[in-house]
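Residue-level listing of the chains:
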Amino acid sequence: MVPIPNCKKNTQMKIGFLGDICLLTTDLQDHNHQEVIKQFSGSGILPILQKNDLNIGNLECPVPGKHRGILKSGPNMKGSAHVMDILKMLGVGIVSLDNNHINDFGAGGVAATRESCTAADILTLGPSNALTREENTHIIEGARKIGILTVAENEFNTVDAENRFDRARDPYQIVSQIIHLRRQVDFLVVISHGGNEGFVHPNPTTRNRYRAFADLGVDVVVGHHTHCVQGMEKYGNTLIFYSLGNFFFPFSSESESTRTGYCLMLDLPEGAQEIGYEIVPYRQCDSNYRVDPLEGEALKIFQQDFQELSAIVKDEERLHKEWMSYLKRYRNFYIKNAFPINIWPYGLLKRLGLLHLFFPKKYLVLMLDLIRNESHRGNFTQTLVRYLYK
């Protein structure tokens, strides 16, 4: 096994899990990197994380160097190399690259990101695709063996070394990996990147997927991608944390809900005791480059909100109601992106050779994303059903 850097050797291991981490080159336009690092070094979360044996984060931005962005829907997020300074201060020993932005600059950008992480003594897991099997798994050797598996929903992240975008993974491959890894370890943690951005509840598909992971023997599921906090539940003997929210995401345009997140601390015992956990909520990049734990009234409000979010996860009727409300809000988004023109002009435009003017590549890649991505596809399908048969 590859030794884990920045990991203490104890019989009972304490591992911290961090949400989305991103520092873009555009984030440094108003401040130089020395000022960013100086501010971050005063973060109140650092002394807490530094007590852990290992910290694992989701590196949401590639560090691609001079590689060019790929054709995709959404922004190509170019990470600054100085994000490695952030990771090292956090004591991060492993980062997941299984997310929807890691391939924004192609296979070359992914390779460059791995090189930067290796130079910083940080192990990378993912991105995974239909052909890879071992790149997104790792076993931490100690008094007990801890398996880590990273997965992500299919967007523009599933690509091979030749930049071929036909390597989307299907759920059955993930099932196979879980079964295979479960046999080798004492504890199994799945880190999953998926769900609907800005939605404070897991959609039914996400919840069912994570519960299926539990039924296969996963001990803990840790989710992110939504950029906001979602609830948690204990399903059988499995702990499911649906979304940790952002950990370090300085976008000035981000909404209020993205400023709050939480670190998950897992206590993995040497014997047969249950896995212990602690949630440490914080405020991140609130007009600065710091991550500071919540205190006082802000902490009390978070705890109340988190308890409510977690209660909704386990309530079929309430969760369905929240999902229907979400679909109603985004109805126009899905409809307008599916039908930019009426059907009857289509034949005329085709005969005149003008279809490319109305269906440019940018539009087609957006459609690809809406149809291929599991969360978007589920919402799109339900939106069309409700639109046609209301």
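Above this note sits the structure.
This one's a predicted model, so the numbers in the text were calculated from it and none came from an experiment. (Residues numbered from 1 in each chain as written. Predicted model: local features only at pLDDT ≥ 70, side-chain atom pairs only at ≥ 80, totals over all residues. Heavy atoms only, no water.)

A. Examining helix H5 (residues 171-182) more closely. Taking 1.5 Å of rise per residue, the 12 residues of H5 would be expected to cover 16 Å, and the 16 Å separating its terminal C-alpha atoms lies within 8% of that figure. Every buried residue belonging to H5 is among Ile174, Gln177, Ile178 and Leu181, and all of these are buried. Take H5 and look down its axis: the buried residues cluster within an arc of 100 degrees, on one side only. Its buried side turned inward, H5 meets strand E5 (137-140), strand E6 (146-152), strand E7 (187-193) and helix H6 (204-215). (Helix = DSSP H or I, 4+ residues; strand = E, 2+ residues; numbered from the N terminus. Expected span 1.5 Å × (residues − 1). Buried < 20%, exposed > 50% of the residue type's maximum accessible area, 1.4 Å probe, protein only. Arc of directions from axis to C-beta. Contact = heavy atoms within 4.5 Å.)

B. Focus on the pairing of E6. Taken across its 7 residues, E6 has 7 buried, putting it largely inside the fold. Neither face of E6 is left uncovered, since the one carrying Ile146, Ile148, Thr150 and Ala152 and the one carrying Gly147, Leu149 and Val151 both have all their residues buried. The sheet contact formed by E5 and E6 spans 4 bridges and is antiparallel. Looking at the pairing, Ile140 lines up with Ile146 of E6. Here E5 folds back onto E6, and the loop between the two strands holds 5 residues. Sheet analysis places E6 next to E7, joined by 7 bridges and oriented parallel. In the sheet register, Val151 faces E7, and the bridge partner there is Ser192. (Pairing = 2+ DSSP bridges.)

C. Structural view of the packing of aromatic side chains. On inspection of all chains with the given rule, the structure shows 10 aromatic pairs. Measuring from ring centre to ring centre gives 5.3 Å for Phe247 and Tyr282, while their planes differ by 75 degrees; the resulting arrangement is edge-to-face. You can see Phe247 sitting in strand E11 (residues 246-248) and its partner Tyr282 sitting in strand E13 (residues 276-284), a full 35 residues away along the chain. For the pair Phe247 and Tyr282, one class covers both residues: buried. Ring centres of Tyr262 and Phe306 lie 5.3 Å apart, and the angle between their planes is 75 degrees; this geometry places the pair in the edge-to-face category. Of the two residues, Tyr262 is situated in strand E12 (residues 260-268) and Phe306 in helix H7 (residues 296-313); the sequence distance between them amounts to 44 residues. Just as Tyr262 is buried, Phe306 falls in that class too. Taken together, the aromatic side chains of Phe199, Tyr326 and Tyr330 make up a single cluster linked through ring pairs. (Phe/Tyr/Trp six-rings, centres within 6.5 Å; stacked < 30°, edge-to-face > 60°.)

D. Geometry of helix H4 (residues 106-119). Counted at 1.5 Å a residue, the expected span for H4 with its 14 residues is 20 Å, and the 20 Å between its end C-alpha atoms agrees. Residues of H4 that are buried: Gly106, Ala107, Gly109, Val110, Ala112, Thr113 and Cys117. Lining the buried residues of H4 we find strand E2 (54-59), helix H3 (83-90), strand E3 (92-96) and strand E4 (123-125).

E. Spatial organisation of a nonpolar patch on the surface. Residues Leu348, Leu352, Leu354, Leu357 and Phe358 make up a contiguous nonpolar surface patch of roughly 450 Å² in combined accessible area. As for its position among the elements, Leu354 is in the loop between helix H10 (344-351) and helix H11 (355-358). (Patch = residues over 30% accessible without salt bridge, like charges linked within 9 Å, V, L, I, M, F, W, Y side chains within 5 Å. Areas by Shrake-Rupley, 256 points an atom, 1.4 Å probe, with all protein chains shown as cover. Salt bridge = Lys/Arg side-chain N within 4 Å of Asp/Glu carboxyl O.)

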